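The lines below spell out each chain.
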Amino acid sequence: MKISYNWLKEFISTDKSPEDISQILTGIGLEVESLEKVKAIPGGLEGLVIGYVKDAEQHPNADRLRITKVDVGGPEDLQIICGAHNVSAGQKVVVAVVGTTVHPTAGEPFKINKSEIRGEVSEGMICAEDEIGLGTDHAGIMELDADAPIGSPAKEYFKINDDYLYEIGLTPNRADATSHLGTARDIAAFLKIGINKPDVSAFKVDNTDRTIPVTIEAEAACPRYASVTITGVKVQDSPQWLKERLAVIGVRSINNIVDVTNYVLHELGQPLHAFDADAISGNQVLVKTYSEGATFVTLDGVERKLFANDLMIGNTEGPMCIAGVFGGASSGVKESTTAVFLESAYFNPVSVRKTSKRFGLKTDASFRFERGVDPNMTVFALKRAALLIQQVAGGVISSEISDIYPAPAEPFAVDVTYRNIDRLIGKALGQDTIKSIITALDITIVKETGEGLSLQVPPYRVDVTREVDIIEEILRIYGYNNIEIPTQIRASLNNSQRPEKDTVQNAISELLSANGFNETLSNSLTSSSYSESLDNAVKLLNPLSNDLDIMRQTLLYSGLEAIAYNQNRRQADLKFYEFGKTYFFEDDKYAENQKFSVFISGATQPEQWNQKTNPVSFYHLKATVEGILERLSIGDYTVDEISDHEFAYGLQYNYRGSKTLVKFGAVLPGALKKAGMEKEVFYADFNFDVLLNIVRKNKIVNKEISKFPSVRRDLSMLVDTAVTFGQLKQIAQKTERKLLSDVSVFDVYQGDKLPAGKKSYALSFMLQDEEKTLTDKAIDTIMQKLIYNFGKEAGAEIRK
């Protein structure tokens, strides 16, 4: 959401700088994502001055050009060649002197240079409106008032003021802050100052010659509808101040009537719509739904088919507007419009949200309606807009205000206790401070006791309906940074046998982050094109797009999308991990599984002059996987080769031979292709729910570091090519459970020097006794057992 600093200051009287206001807004929950200085119009009229045309003579070498002498307040007059038909002596004009860059309304900026035109020197340019970005008129040069001061900057004459633009990352619950008034309310509450609302006391009904009755047939979708008619208006370009105000926040000027409705929307947060009163057939407005399949042409010229539940604003012949979303082509304000029917309504947020989604239309009006506008702002905003229309387009009020409001919105009743306020905030603020913040937020104290307060929250604060919401409001205005951090923190050591999910997740995160991995967080919605089968997919009934039409069944593609995004921006060496859920529809029930994924791609380290760059491999991922399992003290698992549609090759670790802990390996080329990738990616898919259950069952054992040395013994053996290291490791661990602390492979050979179908493994064994030093006899006994069992169970032949 875009907010103008100058516009804000019309509501609050403060000398706070734009930067100060930015910090205040972020501190009270309206996070400022960016703050930039903007010019009301491109170029800000820099370098343009007011000039006086002393003389204007025919150019001797061109029929359509005139040679002028212009006083711009300098020591000498400027000679300027001008082709405008209306240039003449005695005029006050806008002059772009040599060196000025002008910014036309249409086209690219260009610099004014001293030049020679048909043999005569020209030292500047006398400007038309469109040549300097002030409008679209190019019929001739601008003729200024006679009292315009010669030599003064055009910026001052036209009152062009630089502004500052806040880009606020508005959270969905803050419907009240979708306007300058709403934003100003929060600042005023923080600064403990008053707020200046626009004055609408000048509104008066001139006559009732153009009363247009309104009938609401769908009261649930339209709880309030206010309107008024204005006749004798003149549709034209908006005045400069209105164009500038809208331009700063990125709203394009259309005409003076439409611009006023946009102005009030961004000023007060109340969307309005102006109809051409002459286009209202039967002189009657109907707020209703139409039959399924009825057609309607919107302002963008697109013919749309209506749904049975779409609320429409219509007349006796048909629909004119999609209520709260988009206007119609036939009833909108045109250049020929002389009478305006002005609407200000409160539409049901759910109704607008569904209609907006069905049509795929997101407008400034629907953005506010579907979050919940202030139901008590409709008439005030209507009067404000009517007065502004009279100011910029003339006309008279030709009807009473029609306000259909059968069931006025009641404030939210909330009780809050001082005890809970102090407990949740973590600090005793004091009753006076609490009450001053509450009243500053426009919340009424209905009853006060020694224990707490009974409050009435205005209907526009749709997010404040519970005690905890009130406490949050108090805290954000008091200031999160004003809650002191205690000098002492008291805690007890938790040696729980059942660690919480977050504890286990943090342990994994700390391990991976310390090893150069970055955590990602991705959308649970994904594309059905990634799914091998949609039979058990959780499908969206009303998907936002074709790319987000099912709930994800794997974390693979969200990770691949993140890798592709980075690789397309020349970030090739990547190490990611993500915690997330996958979703399925099985046995007529919805199910979700907690997953954890790891991705590596690219090189093991950045390119350096003094070391060779090596690509990551399956074994780098394998080391990471086993490091995670070791960190969680999970070691009782079997190893199988993987058979999964996501992997080209890889391994699967099963806990005690049954539950799958993790599958990992190289991602299948077909899966890479779906994500728009070619480079190899290695991926591990952990079943986090299984990990968590195992960790919770593990017993914590604390023991001293052994005082006795460990011993290493190596064996080289010949085995069938089908035998894996995992099998040999399991044989070794089963053979010697007490003294064998580790088994590893340090060499593998397979070639023509060995018999066909054979390969050579060189294994190392670490032996250690916690109570005494191992003797050669004990070591030899263990090694003989290992040699025997390797031969018996794996057909191994020991090589000398």
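Above this note sits the structure.
Quick notes on the rules
Residues numbered from 1 in each chain as written. Predicted model: local features only at pLDDT ≥ 70, side-chain atom pairs only at ≥ 80, totals over all residues. Heavy atoms only, no water. Helix = DSSP H or I, 4+ residues; strand = E, 2+ residues; numbered from the N terminus. Rg over C-alpha atoms; globule rule 2.2 N^0.38 Å. Buried < 20%, exposed > 50% of the residue type's maximum accessible area, 1.4 Å probe, protein only. Contact = heavy atoms within 4.5 Å. Areas by Shrake-Rupley, 256 points an atom, 1.4 Å probe, with all protein chains shown as cover. Lys, Arg positive; Asp, Glu negative; His and termini not counted. Charge placed at Lys NZ, Arg CZ, Asp CG, Glu CD. Pairing = 2+ DSSP bridges. Axes fitted to C-alpha atoms, helices over the stretch in contact; angles between N-to-C directions. Polar contact = N/O pair within 3.5 Å; in protein donor to acceptor, adjacent residues only side chain to side chain. Salt bridge = Lys/Arg side-chain N within 4 Å of Asp/Glu carboxyl O. 1 Å grid on protein atoms, 1.4 Å probe; cavity = no way out; pocket = protein on both sides within 12 Å on 5 of 7 lines; lining within 4 Å. Points joined across faces, edges and corners; volume = space filled by probe spheres on them. Nonpolar A, V, L, I, M, F, W, Y, C, P; charged D, E, K, R; others polar. Phe/Tyr/Trp six-rings, centres within 6.5 Å; stacked < 30°, edge-to-face > 60°. Lys NZ or Arg CZ within 6 Å of the ring centre and 35° of its normal. Parallel < 35°, antiparallel > 145°, perpendicular 65-115°, else oblique.

**Student:** Looking at this model, I keep getting lost on the overall build of the protein chain. Mind explaining?
**Tutor:** In terms of helices and strands, the protein chain carries 19 helices and 40 strands. Whereas a compact globule of 800 residues would reach a radius of gyration of roughly 28 Å, the protein chain reaches 38 Å, over 25% beyond that. Expressed as lengths along the three principal axes of its C-alpha atoms, the size of the protein chain is roughly 120 × 80 × 60 Å. Each of the 800 residues in the protein chain was classed as buried or not, and the buried ones make up 48%. Nonlocal contacts in the protein chain, meaning residues at least 24 apart in sequence, comprise 68% of its contacts between residues at least 6 apart. Carbon and sulfur atoms form 48% of the exposed surface of the protein chain, whose accessible area is close to 40700 Å². The distance from the centre of the 87 positive side-chain charges to the centre of the 108 negative ones in the protein chain is 8 Å.

**Student:** Honestly, the sheet that holds strand β28 (residues 518-519) in this entry has me stumped. Any pointers?
**Tutor:** Spatially, the seven strands line up as an open sheet ordered β28-β31-β32-β36-β35-β34-β33, and their pairing is mixed. The sheet is open, and its two borders are formed by β28 and β33 (637-641), each paired with just one other strand. Two strands pair when backbone bridges link them, and β28 and strand β31 (residues 574-586) are joined in this way by two bridges, in the parallel orientation. For Glu-519, the partnering residue across the bridge sits in β31 and is Tyr-577. Where helix α13 (residues 501-514) meets the sheet, it contacts β28, β31 and β32 (589-601), and its direction lies at approximately 145° from that of β31. Packing of helix α14 (residues 556-567) onto the sheet brings it into contact with β31, β32, β35 (659-667) and β36 (681-687), and relative to β31 it is tilted by some 145°.

**Student:** Can you help me understand the side chain of Thr-183 in this one?
**Tutor:** Relative to the helices and strands, Thr-183 resides in helix α4 (residues 180-191). A relative accessible area of 0% places Thr-183 in the buried class. Looking at Thr-183, its side chain comes within polar contact range of the main-chain oxygen of Ser-179, at 2.9 Å. Setting aside its immediate chain neighbours within four residues, Thr-183 contacts Met-1, Ile-3, Leu-8, Leu-25, Leu-30, Ile-168 and Ala-177.

**Student:** Mind showing me how you'd approach the pattern of salt bridges here?
**Tutor:** Side-chain pairs of opposite charge can arise where the charged atoms are in close proximity. Per the stated rule, a full pass over the model turns up 34 salt bridges. When the shortest N-O distance is used, the salt bridge between Asp-685 and Lys-595 registers 3.7 Å. Taken together, the residues Asp-685 in strand β36 and Lys-595 in strand β32 connect sequence positions 90 residues apart. Judged on exposure class, the residue Asp-685 and its partner Lys-595 are both buried. Measuring nitrogen to oxygen at the nearest pair gives 2.9 Å for the salt bridge that ties Arg-712 to Asp-714. The class for Arg-712 is partly exposed, based on a relative accessible area of 45%. Connected via shared salt-bridge partners are Arg-174, Asp-176, Asp-186, Arg-461, Asp-463, Glu-473 and Arg-476.

**Student:** Help me understand empty space enclosed by the protein in this model?
**Tutor:** Regions of empty space are outlined by a rolling probe, equal in size to a water molecule, passed over the atoms. Under the counting rule described, the total for this entry stands at two cavities of 30 Å³ or more. In this structure, the largest cavity encloses a volume near 120 Å³. The wall of the largest cavity is formed by 13 residues, among which Ala-175, Asp-176, Leu-268, Gly-269 and Asp-374 lie closest to the centre. A class-by-class count of the residues in the lining of the largest cavity yields five nonpolar, five polar and three charged. In this structure, the second largest cavity encloses a volume near 60 Å³. Looking at the second largest cavity, the residues that line it are Pro-42, Gly-43, Leu-45, Glu-46, Leu-48, Thr-101, Val-102, His-103 and Ile-132. In the lining of the second largest cavity, the residues fall into five nonpolar, three polar and one charged.

**Student:** When you look at unusual backbone geometry in this model, what are you seeing that I'm missing?
**Tutor:** Glycine aside, the phi torsion of most residues is negative, and most peptide linkages are trans. Its identity is not glycine, yet Leu-45 carries a phi of approximately 60°, on the positive side. By secondary structure assignment, the location of Leu-45 is in the loop between β2 (32-38) and β3 (48-58). Judged by its relative accessible area of 4%, Leu-45 is buried. The phi angle at Asn-283 is positive, at roughly 50°, despite the residue not being glycine.

**Student:** What is the right way to look at the packing of aromatic side chains in this model?
**Tutor:** The way to describe two aromatic rings as a pair is by their centre distance and the angle between their planes. Applying the stated criterion across every chain, the model contains 22 aromatic pairs. Ring geometry for Tyr-653 and Phe-664: centres 5.2 Å apart, planes at 85°, overall edge-to-face. Of this pair, Tyr-653 sits in strand β34 (residues 647-655) while Phe-664 is found in strand β35, placing the two residues 11 residues apart along the sequence. Pairwise contacts between aromatic rings join Phe-618, Tyr-619, Tyr-637, Tyr-649, Tyr-653 and Phe-664 into one cluster. Here the basic side chain of Arg-185 rests over the ring of Tyr-460, its NZ or CZ set 4.0 Å away from the ring centre. It is Arg-712 that lies over the ring of Phe-746; its NZ or CZ is 5.2 Å from the centre.

**Student:** What is the right way to read helix α17 (residues 688-697) from this model?
**Tutor:** For an α-helix the count is 3.6 residues per turn, leaving residues at separations of three or four pointing the same way. When you tally the buried positions in α17, you get seven out of 10 residues, the bulk of the element. For α17, the full list of buried residues reads Phe-688, Val-690, Leu-691, Leu-692, Ile-694, Val-695 and Arg-696.

**Student:** Teacher, can you tell me more about helix α18 (residues 725-735) here?
**Tutor:** By the burial criterion, the buried members of α18 are Phe-725, Gly-726, Leu-728, Ile-731, Ala-732 and Thr-735. Considering only its buried residues, α18 is in contact with β37 (711-720), β38 (740-749), β39 (758-767) and α19 (776-794).

**Student:** Can you help me understand the packing of α13 against α17 in this one?
**Tutor:** Axis angle and axis distance: for two packed helices, these are the angle between their axes and the distance between the axes, and together they describe the pair. Here α13 crosses α17 at 105°, and the two axes come no closer than 10 Å. Relative to α17, α13 is oriented roughly perpendicular. Every residue of α17 that contacts α13 at Lys-501, Val-504, Gln-505 and Ile-508 is listed here: Phe-688, Leu-692, Val-695 and Arg-696. For the contact of α13 with α17, the class distribution of residues is five nonpolar, one polar and two charged.

**Student:** Explain the layout of surface pockets here, please?
**Tutor:** When its volume is computed, the second largest pocket comes out at roughly 690 Å³. Broken down by secondary-structure element, the contributors of at least two residues to the lining of the second largest pocket are α6 (256-268), β15 (272-276), β20 (319-322), β21 (326-327) and α8 (364-369). At four residues, α6 tops the list of elements feeding residues into the lining of the second largest pocket. Its residues assigned to classes, the lining of the second largest pocket comprises 16 nonpolar, nine polar and three charged.

**Student:** Looking at this structure, I do not really get the sheet that holds β38. What am I missing?
**Tutor:** Strand pairing within a sheet occurs via backbone hydrogen bonds; the two strands may be parallel or antiparallel. Read from one edge of the open sheet, four strands run β38-β39-β37-β40, paired in antiparallel fashion. Strands with a single pairing partner mark the edges of an open sheet, and in this sheet they are β38 and β40 (797-799). Across the sheet, the mean angle separating the axes of adjacent strands is 35° when strand polarity is ignored. Across eight bridges, the pairing between β38 and β39 is antiparallel. The residue bridging Val-743 from the neighbouring strand is Phe-765, located in β39. The strands that α18 touches are β37, β38 and β39; relative to β38, the one it contacts most, it runs at about 150°.

**Student:** How do you make sense of the pairing of strand β4 (residues 66-71) when you look at a structure like this?
**Tutor:** For a regular strand, the rule is simple: side chains alternate between the two faces of the sheet. Note that β3 and β4 share six bridges and pair antiparallel. Paired with Gln-58 across the two strands is Arg-66, which belongs to β4. With five bridges connecting them, β4 and strand β5 (residues 78-82) associate as antiparallel partners. For Lys-69, the partnering residue across the bridge sits in β5 and is Gln-79. Taking the residues that link successive antiparallel strands as the turn, the β4-β5 hairpin has six residues, and the phi of Gly-73 there is positive, at about 90°.

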